[in-house]
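Residue-level structural notes
Below, each chain spelled out in residue letters.
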Amino acid sequence: MHAVFGHPVAHSRSPRIHALFGAQTGIGVRYEAIDAAPARFAQALAAFAARGGRGANVTLPLKEDAFALCRSASPRARRAGAVNTLVRADGGWHGDNTDGAGLVRDLSARHGLDLRDRRVLLLGAGGAARGVAPALLDAGIGALWIANRTAARADALADALGDPARVQARGWDALPGLGGFDLLVNATAATRGGALPALPMALVAPHSAAVDLGYGTDAAPFLAWARAAGCAQALDGLGMLVEQAAESFQCWHGVRPDTDPVYADLRRLTDTQPTSD
Ligand code: NDP
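Residues numbered from 1 in each chain as written. Predicted model: local features only at pLDDT ≥ 70, side-chain atom pairs only at ≥ 80, totals over all residues. Heavy atoms only, no water.

What to know about the overall build of the protein chain
Within the protein chain one finds 11 helices and 12 strands. Projected onto the principal axes, the alpha-carbon positions of the protein chain cover approximately 55 × 40 × 35 Å. The buried share of the protein chain, taken over its 277 residues, is 53%. For the protein chain, the share of sequence-separated contacts (at least 6 apart) that also reach a separation of at least 24 residues comes to 68%. Computing the positive centroid from 27 side-chain charges and the negative centroid from 26, the protein chain places the two 3 Å apart. (Helix = DSSP H or I, 4+ residues; strand = E, 2+ residues; numbered from the N terminus. Buried < 20%, exposed > 50% of the residue type's maximum accessible area, 1.4 Å probe, protein only. Contact = heavy atoms within 4.5 Å. Lys, Arg positive; Asp, Glu negative; His and termini not counted. Charge placed at Lys NZ, Arg CZ, Asp CG, Glu CD.)

Given below as structure tokens:
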């Protein structure tokens with residue numbers, strides 16, 4: 001039995017994705033969505049394990065809590081300090097983080113972006129940013145600028161990445177002086193709690209690509225800004241969502257599903273029901 005934990009989680013696409021992976025691979029999948037507020041997450045996870053839970057995904061706002069609850073963690077989860085995939089092992093939880101691999105695979109394999117030597121701006125320093133930053137560095141980008149509303153969290157992420165030659169951290173107010181970027185990644189949850197703060201057009205060059213890790217209505221404001229600023233590509237996080245799920249599926253079942261038909265299914269669904277989970 002598998003599940004996704006989040007708060008809220010009712011509109012999560014993950015149960016649909018894993019059901020489609022199961023149907024495609026012939027693996028019997030039982031996958032549910034469990035709403036757990038942070039204060040009740042440890043208890044809910046223990047109850048899930050007692051019911052036979054073998055693995056789980058973890059989404060907003062529980063990824064750093066999940067890391068703290070793990071008995072062991074993969075190197076990429078330790079670098080992120082955040083876990084989105086839990087595997088039951090020897091009576092405890094092993095944590096992994098597939099977000100970064102999911103983003104890099106979507107950008108490079110699906111959208112044909114060459115990330116090597118690119119100058120990248122990462123907006124945000126929360127759980128998602130912590131997951132994708134190490135994977136972007138591993139993909140060979142040339143420079144990573146992390147800008148966050150709370151500058152101290154950007155500093156903490158830069159310190160944790162341990163790559164001072166390539167990584168710089170700034171507060172949001174420094175954005176006007178940073179110049180143009182090859183790739184802009186919106187890893188904030190800004191549009192969930194209100195509006196995306198104003199971004200300077202000078203961040204964009206004619207060849208720039210922009211990606212919002214959200215999708216549907218959550219991604220719309222940043223992608224509209226990116227198009228207006230002249231980005232050559234403006235992508236949402238739907239492909240990343242499918243790719244990180246495929247990595248989780250492989251962790252649990254030892255088989256990597258074909259993501260293209262599932263991506264096409266979700267794209268159709270999101271075009272007709274644009275509200276994000
Ligand atoms: P967190 O709550 O961990 O972090 C939120 C981040 O957004 C912080 O950096 C926070 O800044 C910033 N932020 C929030 N509100 C504002 C605002 N009004 N103005 C500027 N910055 C703001 O969330 P996650 O990192 O887990 O998720 C971020 C986004 O990524 C979500 O939209 C989520 O859906 C998406 N996501 C998509 C995935 C996919 O597979 N496609 C996977 C994971 C996440 P501060 O530190 O100052 O509070």
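Alright, that's what it looks like, and here's the rest.
Quick look at the sheet that holds strand 11 (residues 204–212)
Pairing is parallel in the open sheet, where 6 strands are placed in the order 9-8-7-10-11-12. Two strands close off the open sheet at either side, each with one partner strand: strand 9 (167–171) and strand 12 (233–235). Each neighbouring strand pair of the sheet contributes to a mean axis angle of 20°, computed without reference to strand direction. Of the strands in this sheet, strand 7 (119–123), strand 10 (181–186), strand 11 and strand 12 touch helix 9 (residues 220–229), which is tilted by about 170° from strand 11. (Pairing = 2+ DSSP bridges. Axes fitted to C-alpha atoms, helices over the stretch in contact; angles between N-to-C directions.)

Quick look at the layout of surface pockets
Approximately 1,200 Å³ is the volume found for the largest pocket. Lining of the largest pocket is provided by 47 residues; of these, Leu60, Ala128, Ala187, Thr188 and Ala189 occupy positions nearest its centre. Those elements giving two or more residues to the lining of the largest pocket turn out to be strand 3 (55–58), helix 3 (63–69), helix 6 (127–138), helix 8 (190–193) and helix 10 (238–253). Ranked by residue count, the leading element in the lining of the largest pocket is helix 8, at 4 residues. Of the residues assigned to the lining of the largest pocket, the class counts are 19 nonpolar, 19 polar and 9 charged. When residues are assigned to domains, the lining of the largest pocket turns out to be shared by domain 1 (2–97 + 239–272) and domain 2 (114–236), each giving three or more. Here the second largest pocket defines a volume of roughly 220 Å³. Taken together, 17 residues form the lining of the second largest pocket, with Gly216, Leu223, Asp236, Arg267 and Asp271 sitting closest to its centre. Broken down by secondary-structure element, the contributors of at least two residues to the lining of the second largest pocket are helix 9, strand 12 and helix 11 (260–272). Of all the elements, helix 11 adds the most residues to the lining of the second largest pocket, at 4 residues. Of the residues in the lining of the second largest pocket, the class split is 7 nonpolar, 5 polar and 5 charged. (1 Å grid on protein atoms, 1.4 Å probe; cavity = no way out; pocket = protein on both sides within 12 Å on 5 of 7 lines; lining within 4 Å. Points joined across faces, edges and corners; volume = space filled by probe spheres on them. Nonpolar A, V, L, I, M, F, W, Y, C, P; charged D, E, K, R; others polar. Domains from an automatic or database assignment.)

Points about the pairing of strand 2 (residues 31–35)
For a regular strand, side chains alternate in direction, first toward one face of the sheet and then toward the other. Where strand 1 (residues 2–6) meets strand 2, 5 bridges bridge the pair, whose relative direction is parallel. The residue bridging Ala3 from the neighbouring strand is Glu32, located in strand 2. One crossover worth recording links strand 1 to the parallel strand 2 by way of helix 1 (residues 14–25), and it is right-handed. (Right-handed = clockwise from strand over helix to strand, strands pointing away.)

Some thoughts on helix 6
Extensive coverage of helix 6 is indicated by the burial of 10 of its 12 residues. Listed in full, the buried residues belonging to helix 6 are Gly127, Ala129, Arg130, Gly131, Val132, Ala133, Pro134, Ala135, Leu136 and Leu137. Looking at the residues trailing helix 6, positive phi occurs at Gly140, about 95°.

Quick look at the state of the cysteines
The final tally for this structure, using the stated rule, is 0 disulfides. With no disulfide of its own, Cys70 lies closest to Cys251 among cysteine sulfurs, the gap being 12 Å. (Disulfide = S-S within 2.5 Å.)

Comments concerning the site of the ligand
Not every one of the 23 residues close to the ligand is listed here, only the nearest: Ala128, Asn148, Thr150, Arg153 and Leu213. The contact in question runs from an oxygen atom of the ligand to an N or O atom on the backbone of Ala125, over 2.9 Å. The contact in question runs from an oxygen atom of the ligand to an N or O atom on the backbone of Gly127, over 2.9 Å. Of all elements in the fold, only helix 6, helix 8 and helix 10 reach the threshold of two or more residues within the shell around the ligand. The element contributing the most residues to the shell around the ligand is helix 10, with 3 residues. Grouping the amino acids of the shell around the ligand by side-chain chemistry returns 10 nonpolar, 8 polar and 5 charged. (Near = heavy atom within 4 Å. Polar contact = N/O pair within 3.5 Å; in protein donor to acceptor, adjacent residues only side chain to side chain.)

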